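Letter by letter, the chains look like this.
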Amino acid sequence: MTTTSPAARTARGRLRVGAGRQLHAGPVTYVVLVIAGILSILPLYWTLVAASHTQNDVLAATPPLIPGGRLFHNLSAAWQQAHLGKAILNTIVVSGCITAATLFFCTLAGYSFAKMRFRGRNWLMTAVIATLTIPPQLSVVPLFMMMSDIGWGGHLESVIFPTLVSAFGVFFMRQYLLEALPYELIEAAKVDGANNFRIVYSIVLPVARPAMMVLGMLTFVQAWNDFFWPYLALNQQNPTLQVALGQLSASYTPDQSIVMAGALISALPLLVVFVLFGKQIVGGIMSGAVKG
């Protein structure tokens with residue numbers, strides 16, 4: 001028969017009393033959060049301020065600190081000079097296709113690596129992770145030659161197809177499904193006569209939804225802001241948004257206020273996406289973080 005010391009009983013009692021209790025933030029926590037919030041918003045606010053003034057005001061010894069009255073004029077100038085209408089449409093197509101394909105393929109691959117047993121699974125997973133250590137600049141020349149040989153040079157396909165699957169996405173979904181998806185659910189579905197496609201549709205996708213929301217957000221933002229490969233693969237007549245914005249600063253003396261206006265146009269769609277889907281994204285993160 002084991003005995004418990006009075007100190008251990010007191011500690012257990014305190015744990016039981018404090019279980020489920022909501023923690024209250026102190027003044028220091030609020031100060032840190034306010035500072036972090038200001039530092040996060042400051043770049044976007046300065047972009048707004050610079051985009052609403054003239055270049056002379058932006059480059060003055062004492063730059064302005066509040067928005068001015070030339071915002072819509074600079075937005076219109078940036079839109080016309082860089083032909084942002086077609087660039088935004090191209091970026092929406094590229095980002096949407098890459099995000100949808102990444103979620104589809106990475107979820108299937110992550111489920112296969114997490115719950116399906118096949119020969120060479122660990123070796124293949126190691127190879128996928130090893131590709132994360134290869135700098136993407138090393139594949140630029142062979143990838144550019146491949147796109148040219150296929151005939152996709154200057155077309156959106158040359159930007160979409162090389163990024164339909166990401167090694168990070170496969171690893172991310174595999175790690176999530178490894179813990180969130182019990183084998184018992186899969187075995188029960190097999191007993192009921194469900195095939196692999198039915199299991200994926202009815203069990204895997206609902207369980208993986210929180211991780212898919214997070215991965216989709218990260219993939220969309222990365223595809224929207226990508227500049228290096230689209231700059232090499234596309235031409236000035238068929239650019240994405242970031243490539244088109246590069247034209248604003250390509251002149252000998254670029255107008256910084258118009259460049260900032262173009263950057264503001266580029267950031268607005270991402271803000272709209274987060275406002276519309278932010279609650280689902282945060283809910284997906286929280287539901288993925290709390291298990292059991």
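As a reminder, the structure under discussion sits directly above these lines.
This report concerns the structure included in the present document. Since the structure is predicted, the reported quantities are computational estimates derived from the model, not experimental observations. (Residues numbered from 1 in each chain as written. Predicted model: local features only at pLDDT ≥ 70, side-chain atom pairs only at ≥ 80, totals over all residues. Heavy atoms only, no water.)

Here the focus is the overall build of the protein. Of the regular secondary structure elements, the protein holds 14 helices and zero strands. If you list the helices and strands of the protein from N to C, you get α-α-α-α-α-α-α-α-α-α-α-α-α-α. In the protein, which comprises 292 residues, the share counted as buried stands at 33%. Summarising the internal contacts of the protein: among those between residues at least 6 apart in sequence, 72% fall at separations of at least 24. (Helix = DSSP H or I, 4+ residues; strand = E, 2+ residues; numbered from the N terminus. Buried < 20%, exposed > 50% of the residue type's maximum accessible area, 1.4 Å probe, protein only. Contact = heavy atoms within 4.5 Å.)

A contiguous nonpolar patch, built from V31, I35, L39, I41, L42, Y45, L65 and I66 and spanning about 820 Å² of accessible area, is present on the exposed surface. As for its position among the elements, V31 is in helix α2 (residues 27–51). Looking at V31, the relative accessible area reads 48%, which means it is partly exposed. (Patch = residues over 30% accessible without salt bridge, like charges linked within 9 Å, V, L, I, M, F, W, Y side chains within 5 Å. Areas by Shrake-Rupley, 256 points an atom, 1.4 Å probe, with all protein chains shown as cover. Salt bridge = Lys/Arg side-chain N within 4 Å of Asp/Glu carboxyl O.)

A few words now on the environment of G262. Summarising the element assignment, G262 is placed in helix α14 (residues 256–289). Counting along the chain gives 20 residues from G262 to Q242, while the straight-line C-alpha distance between them is 9.4 Å. Discounting residues that sit within four places of it in the chain, G262 has contacts with A78, L245 and L248.

Looking now at the environment of P269. Relative to the assigned elements, P269 resides in helix α14. On the accessibility criterion, P269 (24% relative accessible area) is partly exposed. Separated by 177 residues in sequence, P269 and I92 have C-alpha atoms that sit 9.6 Å apart.

As a further point, take the nonpolar core. Within the largest apolar cluster, 21 residues are counted, with the highest numbers of intra-cluster contacts made by Y111, M173, L177, L181, I199 and V204. Contributions of two or more residues to this core are made by α5 (84–115), α9 (167–180), α10 (183–191) and α11 (196–225). Among the elements that take part in this core, α11 stands out by supplying eight residues, more than any other. Aside from chain neighbours lying at most four places away, what touches M173 is C106, T107, G110, A208, A211, M212 and L215. (Core = buried A, V, L, I, M, F, W, Y, C linked by side-chain atoms within 4.5 Å.)

Another point: unusual backbone geometry. The backbone of H83 sits at a positive phi, close to 55°, despite the residue not being glycine. Residue placement: H83 occurs in the loop between α4 (71–82) and α5. For H83, a relative accessible area of 57% puts it in the exposed group.

Tracing the chain through its elements places Q242 in helix α13 (residues 241–248). For Q242, the side chain forms a polar contact with the main-chain oxygen of W224, separated by 3.3 Å. Other than its neighbours up to four places away in sequence, Q242 contacts W224, N225, D226, F227 and S266. (Polar contact = N/O pair within 3.5 Å; in protein donor to acceptor, adjacent residues only side chain to side chain.)

What follows deals with the packing of α5 against helix α6 (residues 121–130). Viewed as axis vectors pointing N to C, α5 and α6 meet at an angle of 135°, and their least axial separation amounts to 10 Å. One element, α5, and the other, α6, form an angle in the oblique class. For the pair α5 and α6, the sense of crossing is left-handed. Of the residues in α6, those in contact with S112, F113 and A114 of α5 are R121, L124, M125 and V128. Residue composition of the contact of α5 with α6, grouped by class: five nonpolar, one polar and one charged. (Axes fitted to C-alpha atoms, helices over the stretch in contact; angles between N-to-C directions. Parallel < 35°, antiparallel > 145°, perpendicular 65-115°, else oblique. Left-handed = near helix turned anticlockwise from the far one by under 90°. Nonpolar A, V, L, I, M, F, W, Y, C, P; charged D, E, K, R; others polar.)

Geometric descriptors of this kind do not, in isolation, establish any biological role.
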